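Examining the three-dimensional arrangement
The chain contents come next:
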Amino acid sequence: MRTLFVAALAAVCLCTTVPAQAGFFSSWFDRNEAKTKHPIVLIPGIFAFDTIAGIDYWYRIPAVLESEGATVFVPKVNAFDSSAMRGESLIEQLDEIRAASGGRISKFNLIGHSQGGVTARYVMNVRPDLVASVTTLHSPHKGSPVADLVTGVVPESTLRGVAFEVFANAVGDLVNLLSNNKRDDSDIYAMLGEFNKAGSAAFNRQFPAGVPTTECGEGPSRVTINGRTIRLYSWSGTSPFTTGIDLSDALFTTTSLAVPGPSDGITPRCSSHFGKVIKDNYRMNHIDVNNHLFGIVPLFETRPEALFKNHAKRLKKAGL
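Computed from a predicted structure; not experimentally measured.

It is worth spelling out the state of the cysteines at this point. If you walk through the whole model with that rule in mind, you get one disulfide. Note that Cys216 is cross-linked by a disulfide to Cys270, the S-S spacing being 1.8 Å. Taking the torsion about the S-S bond as the criterion, the Cys216 to Cys270 disulfide, at about -80°, is left-handed. Within this pair, whereas Cys216 is found in the loop between α8 (197-206) and β7 (222-225), its partner Cys270 is found in the loop between α9 (247-255) and β9 (276-282), the two being separated by 54 residues in sequence. The partly exposed category is assigned to Cys216, whose relative accessible area is 39%.

Buried residues dominate helix α7 (residues 188-195), accounting for six of its eight residues. By the burial criterion, the buried members of α7 are Ile188, Tyr189, Met191, Leu192, Glu194 and Phe195. Where α7 is buried, its residues touch α3 (83-100), α4 (115-126), α5 (145-153), α6 (159-178) and α8.

Moving on, we come to the pattern of salt bridges. As enumerated under the stated definition, the model contains eight salt bridges in all. One salt bridge connects Asp95 with Arg98, and the closest N-O pair in it is separated by 4.0 Å. Of the two residues, Asp95 and Arg98 both sit in helix α3, three residues apart, roughly one turn of that helix. Under the relative-accessibility criterion, Arg98 is labelled partly exposed at 23%. Between Glu305 and Arg303 there is a salt bridge, with its nearest N and O atoms 3.2 Å apart. By relative accessible area, Glu305 is classed as buried at 14%. Relative accessible area serves as the criterion here: at 33%, Arg303 is assigned to the partly exposed category.

Among soluble globular proteins, nonpolar side chains are generally buried collectively. Ranked by size, the top nonpolar core spans 36 residues in total, and within it Leu94, Leu110, Val123, Met124, Val131, Val134 and Ile230 carry the most contacts. Elements that contribute at least two residues to this core include exactly β1 (40-43), α3, β5 (108-113), α4, β6 (131-137), α7, β7 and β8 (228-237). Ranked by size, the runner-up nonpolar core spans 22 residues in total, among them Ile52, Leu137, Tyr282 and Met284.

Now for the confidence of the model for the protein chain. Per-residue confidence for the protein chain gives a mean pLDDT of 89, with 91% of residues at or over 70. Confidence drops under a pLDDT of 50 for residues 1-29, and excluding neighbours within four residues, the segment shows one contact in the predicted structure.

In this section: the side chain of Asp264. Within the element layout of this structure, Asp264 appears in the loop between α9 and β9. Buried and unpaired, Asp264 has no salt bridge, with Arg269 as the nearest side chain of opposite charge at 11 Å. Here Thr267 takes part through its backbone nitrogen, which lies 2.6 Å from a polar atom of the side chain of Asp264. Sequence-distant contacts of Asp264, that is, excluding residues within four places in its chain, are made with His138, Ser236, Gly237, Thr238, Ser239, Pro240, Phe252, Met284, Asn285 and His286.

With that settled, consider a nonpolar patch on the surface. A surface patch of nonpolar side chains, amounting to about 290 Å² of accessible area, comprises Leu174, Leu177 and Leu178. Locating Leu174 in the fold gives a position in helix α6. Its relative accessible area of 46% is what places Leu174 among the partly exposed residues.

Counted according to the given criterion, the structure contains nine aromatic pairs. Through a chain of ring-to-ring contacts, the aromatic side chains of Phe49, Tyr57, Trp58, Trp235 and Phe308 assemble into a single cluster.

Okay, the packing of α6 against α7 next. For the pair α6 and α7, the least separation of the axes is 9 Å and the interaxial angle reads 105°. Between α6 and α7, the crossing angle belongs to the class labelled roughly perpendicular. Seen from α6, the contacting residues are Gly161, Phe164, Glu165, Ala168 and Asn169; seen from α7, they are Ile188, Tyr189 and Leu192. For the contact of α6 with α7, the residue count by class is five nonpolar, two polar and one charged.

On to unusual backbone geometry. The omega angle of the peptide bond from His292 to Leu293 is 0°, so this bond is cis rather than trans. Looking at the secondary structure, you find Leu293 in the loop between β9 and α10 (304-317). If you check the backbone angles, His138 has positive phi at about 60° while not being a glycine. Its location among the elements puts His138 in the loop between β6 and α5. Owing to a relative accessible area of 0%, His138 belongs among the buried residues under this scheme. Positive phi, normally seen in glycine, also occurs at Phe294, with a value near 55°. Residue placement: Phe294 occurs in the loop between β9 and α10.

The rules behind each value
Residues numbered from 1 in each chain as written. Predicted model: local features only at pLDDT ≥ 70, side-chain atom pairs only at ≥ 80, totals over all residues. Heavy atoms only, no water. Disulfide = S-S within 2.5 Å. Helix = DSSP H or I, 4+ residues; strand = E, 2+ residues; numbered from the N terminus. Buried < 20%, exposed > 50% of the residue type's maximum accessible area, 1.4 Å probe, protein only. Contact = heavy atoms within 4.5 Å. Salt bridge = Lys/Arg side-chain N within 4 Å of Asp/Glu carboxyl O. Core = buried A, V, L, I, M, F, W, Y, C linked by side-chain atoms within 4.5 Å. pLDDT = per-residue confidence, 0-100. Lys, Arg positive; Asp, Glu negative; His and termini not counted. Polar contact = N/O pair within 3.5 Å; in protein donor to acceptor, adjacent residues only side chain to side chain. Patch = residues over 30% accessible without salt bridge, like charges linked within 9 Å, V, L, I, M, F, W, Y side chains within 5 Å. Areas by Shrake-Rupley, 256 points an atom, 1.4 Å probe, with all protein chains shown as cover. Phe/Tyr/Trp six-rings, centres within 6.5 Å; stacked < 30°, edge-to-face > 60°. Axes fitted to C-alpha atoms, helices over the stretch in contact; angles between N-to-C directions. Parallel < 35°, antiparallel > 145°, perpendicular 65-115°, else oblique. Nonpolar A, V, L, I, M, F, W, Y, C, P; charged D, E, K, R; others polar.

Shown next as structure tokens:
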């Protein structure tokens with residue numbers, strides 16, 4: 001009888017403790033779902049900043065990734081400049097992070113929004129030793145008609161162009177200052193000249209790796225540069241107007257008038273293609289992907305935070 005009682009007591013204990021232990025292990029795994037082998041670097045696009053007045057460029061996204069085990073860096077890059085100049089600044093920061101890690105960090109998973117994706121492409125081509133993967137979000141790899149429109153309306157050498165340059169660079173310098181990035185001076189025409197038809201074509205001739213060879217095709221899922229294999233991904237959206245209460249809807253609905261065919265208001269659908277295309281028609285405008293404005297994004301679309309968590313898990317599964 002005593003033996004039967006002890007056995008029953010043990011069974012009760014087992015039944016009550018296993019679920020608790022299972023919950024513990026489930027919680028532990030959840031906290032490490034986004035723990036990639038290499039740190040994630042989130043690279044801003046134009047109007048680049050990390051944080052201004054408590055507002056993050058990547059609104060809440062770094063915190064979500066870090067809460068699930070990821071190591072995340074947000075570099076300081078120039079608000080308006082060429083991807084080469086922004087890329088050189090990024091390389092300097094990545095080298096500093098790697099040196100300070102004492103050997104723990106060797107490579108990075110670069111994730112760039114808009115021009116940030118093209119900046120990441122520059123880095124992977126000139127310093128492939130720093131890069132494990134490149135993911136581009138809503139990046140105009142084959143240019144944006146909006147850039148052609150602006151450079152056509154205010155040509156650089158005209159009086160209107162000079163006035164526009166002075167004003168735009170002052171805005172860019174203010175963004176840099178507020179983001180505590182005092183070492184870079186803005187150059188609006190260097191940025192615009194890279195994303196009009198001629199400029200994007202020139203950049204792609206110099207750095208073709210990962211860019212589709214057909215008009216609306218898919219690029220290779222991986223490339224090897226100087227003996228370094230790098231995985232490539234991209235995604236984008238095709239809805240300039242999303243919620244109706246987001247102020248960015250008005251902006252991108254207006255700019256989309258200059259873009260023939262589906263776009264996010266800035267980047268044409270096919271222009272966003274780079275490497276393995278995860279999806280190119282999310283119901284998102286150009287800045288919904290980084291969870292702006294302030295988390296007001298479409299209700300019936302995957303949340304930006306979920307997109308980033310899913311991608312971190314994708315990178316982790318790939319050993320990156």
